[in-house]
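# Chains, contacts and geometry: an overview
Read off the chains here:
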Amino acid sequence: MTETTQTSAFRTFRGDTGAPLDPELRSIIARFVVLAVLCAGVALLNENFLSVANFTNVLRQASLLFLIAAGATLVIIAGAIDLSVGAILTLSACVAAGVIHATGSSGLGIATALAIGVSAGLANGILVAGLRLPPFLVTYGMLWILSGGALYYMGGIPITGFPREFRFLGSGFLLGIPVPILIMIAIALAGSVVLHMTMVGQQIVMMGANRAAATLAGIPVRRNLICVYVASGACAGLAAVVALGRVNSADPGMGDPLLLPSIAAILVGGTSLFGGTGTLLGTALGALLLTIVLNAMNLLTIGSAWQPFATGIVLVGAMLADAFLNRRRS
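Scoring rules and cut-offs
- Residues numbered from 1 in each chain as written.
- Predicted model: local features only at pLDDT ≥ 70, side-chain atom pairs only at ≥ 80, totals over all residues.
- Heavy atoms only, no water.
- 1 Å grid on protein atoms, 1.4 Å probe; cavity = no way out; pocket = protein on both sides within 12 Å on 5 of 7 lines; lining within 4 Å.
- Points joined across faces, edges and corners; volume = space filled by probe spheres on them.
- Helix = DSSP H or I, 4+ residues; strand = E, 2+ residues; numbered from the N terminus.
- Nonpolar A, V, L, I, M, F, W, Y, C, P; charged D, E, K, R; others polar.
- Contact = heavy atoms within 4.5 Å.
- Axes fitted to C-alpha atoms, helices over the stretch in contact; angles between N-to-C directions.
- Parallel < 35°, antiparallel > 145°, perpendicular 65-115°, else oblique.
- Left-handed = near helix turned anticlockwise from the far one by under 90°.

### Quick word on the layout of surface pockets
Here the second largest pocket defines a volume of roughly 650 Å³. What lines the second largest pocket is a set of 23 residues, and nearest its centre among them are Q61, L64, P257, L258 and L294. Put simply, the parts of the chain that give the lining of the second largest pocket at least two residues each are α3 (52-77), α11 (221-247), α12 (259-268), α13 (280-299) and α14 (306-329). Top contributing element to the lining of the second largest pocket by residue count: α13, with five residues. The class makeup of the residues in the lining of the second largest pocket is twelve nonpolar, nine polar and two charged.

### Here we look at the side chain of N224
Within the secondary structure, N224 sits in helix α11. For N224, the contacting residues outside a window of four places in its chain are V200, Q203, M207 and I219.

### Observations concerning the packing of helix α4 (residues 85-103) against helix α5 (residues 106-130)
With their axes 8 Å apart at the nearest point, α4 and α5 run at an angle of 150° to one another. Comparing the axis directions of α4 and α5 gives the class roughly antiparallel. The handedness of the crossing between α4 and α5 comes out as right-handed. Every residue of α5 that contacts α4 at I88, L91, S92, V95, A96, V99, I100 and T103 is listed here: S106, L108, G109, T112, A113, I116, G117, A120 and N124. Looking at side-chain class alone, the contact of α4 with α5 contains ten nonpolar, seven polar and no charged residues.

Listed below in structure tokens is the structure:
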């Protein structure tokens, strides 16, 4: 099938021949409005919210959440799911920390984290696309395998203290802007270009909307599915580097608290859990919204015990809204 024919099939499949991005743009605008209202409300309740120091901290936290959610967003858009991103981050960070301490090489540590992330993503992709196993069960099983590997590798002893050039990626500044924020912007822009301005991106969306129709249209479903899982693993490996540079410590549980918030950020950002629609910019806004909610709870001295409750409420609310909108689209 020619590229022109595939593009035509994609637009027809979406029920849209003029501006296929309009629904996503409307969704992003709506989230910008919600974000503005939320910021205004919190600022009225606490004057410290809009301070440069606090807002920089919010963006830094949101950037880490976005990085681990970015690749998983592509997986969900393609009609699958990745529950292993937190465990990939953990194992990547732990092994990278060990390599840096053993060799003193920051570059080798970064390469190790990315290699583990890509390898784990490739394994997920082969099991899901190649062997046609259920994505939920595959990635849930991978979560336990990688978590167990991190526990065994660390032996219960955290690794701390890394070179300044390595920590720069997590806690440094470039032109007065925290490096993690710049990395988030770069990944969001690059991913958005691939997703919305390339044939591969259109194929990924069509796969998520209707796998059978995508196969009949001649789209290489298995290859693309493996690619999005590799991208998810790579983003988790990159998030591991940023997390290590920020906290200056590796432990076998560092990725666990990020799994649920990353899924929540994806859904709050407008990506459908049923596949076929979503944007990386939406995920970035979802990560920012979720981070602001937790930051506001801290500023308003609401007990930390309520923060997981708030995350769960946001997640369930996003799923209900997603199910309702999907029913209307159907």
